[in-house]
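A closer look at the structure
Below, each chain spelled out in residue letters.
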Amino acid sequence: MSKGQTISEKILSRQSIDDRSVYAGDRVDVKPNTVLTNEMLPMVSISKFYQTGAKKVNQELAKNMLIILDHGGFGTTDKMVNFHELTRNFASNNGIALDDAGSGISHVVFHEKGFAQPGYLILGTDSHTVTHGAFNSFSKGIGGSDLVELMVKGTTWLDVPETNLVRVDGILPQHVYSKDVLLHVNGEKKMTWSTDKAIEWQGSTIHHLSMEARLTMSNMAIEQGGVAGIMPYDDKTKEYLPPTNRDAFPVEADEDAEYTEIFEVDATTLEPVVAAPHSPDNVKPVSELGDIELDQVFIGSCTNARIEDFDIMAKLIKGRKFKTRTIVIPGSAKVGLEAAKKGYVELFMEAGATWAYSTCGACYGGSLGRAGPGMKVLSTTNRNFIGRMGGDKTTEVYLGSPATAVSSAIMGKIVSAKDLV
Amino acid sequence: MEVSNIRGKAMKFGDKMNTDIIIPSQYLEHSDPNVYCKYVMAAIRPSTWEEIQERGDTVFIGGIDFGSGSSREQAPDAIKFAGVKCVVAESFATIFFRNCVNVGLPLLEVKGISEKVDEGDEVVVDLHQGVIINQTRNITIQGQKLEPFLLNKMEKGGLIPELQDYVKQHQLDQ
Ligand code: SF4
């Protein structure tokens, strides 16, 4: 009888080009279902692609590839304007779908457009490609040369990873969100916990969470070192996905699947936390931080800028004003439009926020809202490495949930929604 | 590409040298690696490129989780184009490791390396044997040998030369 398989082993078996059953430790040639790319394409991959001598992108791959211009903003610098134009030409010459600057962040737009489906093998030239694991897919970040290999051959090789399982059970206390769960695990297990491994999430808490809350958690699988962060499939997965003519292949792990480690979390004991400078695993309860006055609050990124995040913020603002300079960037133009229709843009701007067009923006110190030396920032993003958001060793970036971010903006210092008076 | 007799002076870095430290985002717009390599390790040791030009052949010695963070291939390219011959670290992040093989930047994982090499030591790395020799201290330290599959890619100079052969064989250049 064959051995039980994890979700990763099942998906990589299905996508192996010679149709074999693979297990952790195997190396396998695979064909991805869909491929994501961004400005890595013009900055690295296009010139390397032509260096290989190839003339045209593999046509089957081209049909399943989506380019999203998210990191470079909209008309920010001459160099970036040229990169974007180069990308448009490359996309149209090769029949590749493109979402232009301003459409949003790749890890929001990609699933809005139906490119992420249960059971899919998704590869993308961005480490946060792991986000799409929330849809019960194996979704992994690759480099610019790996993309070149895919564009030339339509296939690449992968090492089948071992899997760490995180089981979260119980109802989350009030004002504790999926970002807090994820950060809690980061704090306990640290950034190298899942290096070279996939992470699977199970447990009653996961099924209680909305898809958007799950996306926040899969997004940060890479901050635990994980090559993928995979959520179970249920009715919520099915309902959230947009109508598409793509097939879905929901996957469950076998009961006798082998896990390297199982980590249990009791959701009922959690409280709001932040990751303190300069690492996403330097996690502390907000209640133990003391007074940290803020210079800037940033709400945005592929981690936390979907409509549910804005619903949560809107409920907490209740006509109050922000004491701290605050920038809000929706995860996509679609999210931005929905926020406008719900009256949130007005609400956030009346509170004093700067509302910007959709891009990665301040998250990686790109086009908007860079931080400077000595500044203290609270951000809903996923990384607070030195220099990540601009600035230097003296710049302090704290990572928290949208509820913590908006409460802190109102109070001018880091507090959780519990402390909002 | 030379992988069995890599010589250089050690340049030491600590744990968790992530890609935002190796090549901060504001320099990525210089898409030419000959240009952005000047900003290698800019977030933590801005003089790195100049120091490498002065001391000549250099081997980076890192701690745990070298290269964590972004998938940006510009990180290994920046290290390579700055003139670094090899990166030896306690451990590497997954995507960075593969990017090094793809761009042909030799790397070796060696547990305990931080304590066995000091800044400026003369070292020799042999990827076939998976060892690093610290000539200054006269010690040989065994690391994690690269598998033949990866070593072979590295010796060919990375993924692009391999793909050039593939393109010719399959006449994709027509
Ligand atoms: S929002 Fe931030 S983490 Fe997400 S893709 Fe953009 S730069 Fe990367």
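Residues numbered from 1 in each chain as written. Chains lettered and ligands numbered in written order. Predicted model: local features only at pLDDT ≥ 70, side-chain atom pairs only at ≥ 80, totals over all residues. Heavy atoms only, no water.

Below, the discussion takes up the overall build of chain B. Within chain B one finds eight helices and seven strands. Taken over the C-alpha trace, chain B has a radius of gyration of 16 Å; the compact-globule value for 174 residues is 16 Å, and the two agree within 12%. A principal-axis box enclosing the C-alpha atoms of chain B has dimensions of 55 × 40 × 30 Å. Classification of the 174 residues of chain B by burial places 56% in the buried group. Pairs at least 24 residues apart make up 64% of the contacts formed inside chain B by residues separated by at least 6 positions. Summed over its atoms, the accessible surface of chain B is roughly 6,800 Å², and 47% of this surface lies on carbon and sulfur atoms. In chain B, which carries 18 positive and 25 negative side-chain charges, the distance between the mean positions of the two groups comes to 2 Å. (Helix = DSSP H or I, 4+ residues; strand = E, 2+ residues; numbered from the N terminus. Rg over C-alpha atoms; globule rule 2.2 N^0.38 Å. Buried < 20%, exposed > 50% of the residue type's maximum accessible area, 1.4 Å probe, protein only. Contact = heavy atoms within 4.5 Å. Areas by Shrake-Rupley, 256 points an atom, 1.4 Å probe, with all protein chains shown as cover. Lys, Arg positive; Asp, Glu negative; His and termini not counted. Charge placed at Lys NZ, Arg CZ, Asp CG, Glu CD.)

With that settled, the discussion passes to the interface of chain B and chain A. In this complex, chain B contributes 42 residues to the contact, which on the side of chain A involves 47 residues. For the pair chain B and chain A, the interface holds six salt bridges. The salt bridge involving Asp20(B) is made with Arg388(A); its shortest N-O contact spans 3.1 Å. Across the side of chain B that touches chain A, the residue classes tally to 16 nonpolar, 15 polar and eleven charged. (Salt bridge = Lys/Arg side-chain N within 4 Å of Asp/Glu carboxyl O. Nonpolar A, V, L, I, M, F, W, Y, C, P; charged D, E, K, R; others polar.)

Next up on the list: the sheet that holds strand 2 (residues 34–37) of chain A. Residues and elements named next belong to chain A. If you trace the five strands from one edge of the open sheet to the other, you get 4-3-2-5-6, paired in parallel fashion. Each edge of the open sheet is held by one strand with a lone partner, namely strand 4 (97–99) and strand 6 (138–141). Recorded for the sheet is a direction-independent mean angle of 20° between the axes of neighbouring strands. In the sheet, strand 5 (residues 121–124) pairs with strand 6 via four bridges, with the strands oriented parallel. Bridge pairing in strand 6 places Gly 124 opposite Gly 141. The sheet contacts of helix 6 (residues 144–153) involve strand 2, strand 3 (65–68) and strand 5, and relative to strand 2 the element is tilted by about 135°. (Pairing = 2+ DSSP bridges. Axes fitted to C-alpha atoms, helices over the stretch in contact; angles between N-to-C directions.)

Take the sheet that holds strand 7 (residues 139–142) of chain B next. Two orientations exist for strands paired in a sheet by backbone hydrogen bonds: parallel and antiparallel. Residue and element names in this part refer to chain B. With respect to topology, seven strands assemble into an open sheet ordered 4-3-2-1-5-6-7, the strand pairing being mixed. Where the open sheet ends on each side, the last strands, each with one partner, are strand 4 (107–109) and strand 7. Recorded for the sheet is a direction-independent mean angle of 30° between the axes of neighbouring strands. Looking at chain direction, strand 3 (residues 84–89) and strand 4 are connected through three bridges and run parallel.

Ranked by size, the top nonpolar core spans 58 residues in total, and within it Phe60(B), Phe66(B), Ile79(B), Val88(B), Leu127(B) and Ile132(B) carry the most contacts. Counting residues per element, this core draws most heavily on strand 3 of chain B, at five residues. When sequence neighbours within four positions are dropped, the list of residues in contact with Val88(B) reads Val59(B), Phe60(B), Ile61(B), Gly62(B), Leu108(B), Val110(B), Ile113(B), Val125(B) and Ile132(B). If you look at the next biggest cluster of nonpolar residues, it comprises 53 residues, including Val166(A), Ile199(A), Leu215(A) and Met220(A). (Core = buried A, V, L, I, M, F, W, Y, C linked by side-chain atoms within 4.5 Å.)

Applying the stated criterion to the full structure yields 19 aromatic pairs over all chains. Pairing Phe92(B) with Phe96(B) gives two aromatic rings, centres 6.2 Å apart and planes at 10°, and the pair type is stacked. On the basis of relative accessibility, which here comes to 4%, the residue Phe92(B) falls in the buried class. Assessed through its relative accessible area of 2%, Phe96(B) is described here as buried. Three or more aromatic residues joined by ring pairs make a cluster, and in this case those are Phe310(A), Tyr344(A), Phe348(A) and Trp355(A). For Lys3(A), the ring lying beneath its charged end belongs to Tyr23(A), and the centroid distance is 4.7 Å. In this structure, Arg98(B) is placed above the aromatic ring of Trp157(A), and the distance from its NZ or CZ to the ring centre is 3.8 Å. (Phe/Tyr/Trp six-rings, centres within 6.5 Å; stacked < 30°, edge-to-face > 60°. Lys NZ or Arg CZ within 6 Å of the ring centre and 35° of its normal.)

Moving on, we come to the environment of Gln117(A). Residues and elements named next belong to chain A. Locating Gln 117 in the fold gives a position in the loop between helix 5 (106–112) and strand 5. The class of Gln 117 is buried, set by a relative accessible area of 3%. Setting aside anything within four residues of it in sequence, one finds Gln 117 in contact with Phe 135, Ser 137, Leu 241, Thr 244, Arg 246, Asp 247 and Ala 248.

So, on to the packing of helix 11 (residues 307–317) of chain A against helix 13 (residues 344–351) of chain A. Residue and element names in this part refer to chain A. The N-to-C vectors of helix 11 and helix 13 enclose an angle of 50°; their axes lie 10 Å apart at closest approach. In terms of orientation, helix 11 and helix 13 fall into the oblique class. Classified by chirality, the crossing of helix 13 by helix 11 is left-handed. Counting all contacts with helix 11, which are made through Ile 307, Phe 310, Asp 311, Met 313, Ala 314 and Ile 317, the residues of helix 13 involved are Tyr 344, Leu 347, Phe 348 and Ala 351. (Parallel < 35°, antiparallel > 145°, perpendicular 65-115°, else oblique. Left-handed = near helix turned anticlockwise from the far one by under 90°.)

Take unusual backbone geometry next. Geometrically, the link from Pro277(A) to His278(A) is a cis peptide bond, its omega value of -5° lying close to zero. Its location among the elements puts His278(A) in the loop between strand 12 (273–275) and strand 13 (283–285). Although it is not a glycine, Lys318(A) adopts a positive phi angle of roughly 45°. Residue classification places Lys318(A) among the exposed positions, given a relative accessible area of 67%. Positive phi outside glycine occurs at Lys16(B), with the angle close to 55°. Within the fold, Lys16(B) resides in the loop between strand 1 (6–12) and helix 1 (19–22). Relative accessible area serves as the criterion here: at 29%, Lys16(B) is assigned to the partly exposed category.

Residue and element names in this part refer to chain A. In the vicinity of the ligand, the residues found are His 71, Ile 105, His 107, Asp 126, His 128, Ser 301, Cys 302, Cys 360, Cys 363, Tyr 364, Asn 382 and Arg 388. Grouping the amino acids of the shell around the ligand by side-chain chemistry returns five nonpolar, five polar and two charged. Of the domains in this structure, domain 1 (8–19 + 26–159) and domain 3 (273–419) are the two that each give at least three residues to the shell around the ligand. (Near = heavy atom within 4 Å. Domains from an automatic or database assignment.)

Here we take up the domain arrangement of chain A. Residue and element names in this part refer to chain A. Once the domains are mapped, chain A shows domain 1 (8–19 + 26–159), domain 2 (163–239 + 258–269) and domain 3 (273–419). Taking only C-alpha atoms, the centre of domain 1 and the centre of domain 2 are 25 Å apart. On the domain 2 side, the residues contacting the 15 residues of domain 1 number 20 residues. Around 1,400 Å² of area is buried between domain 1 and domain 2 when both sides are counted, 64% of it from carbon and sulfur atoms. Linking domain 1 to domain 2 there are zero salt bridges. At the boundary of domain 1 and domain 2, one finds five residue pairs in polar contact (both at pLDDT 80 or more). (Buried area = accessible area lost by both parts, 1.4 Å probe. Polar contact = N/O pair within 3.5 Å; in protein donor to acceptor, adjacent residues only side chain to side chain.)

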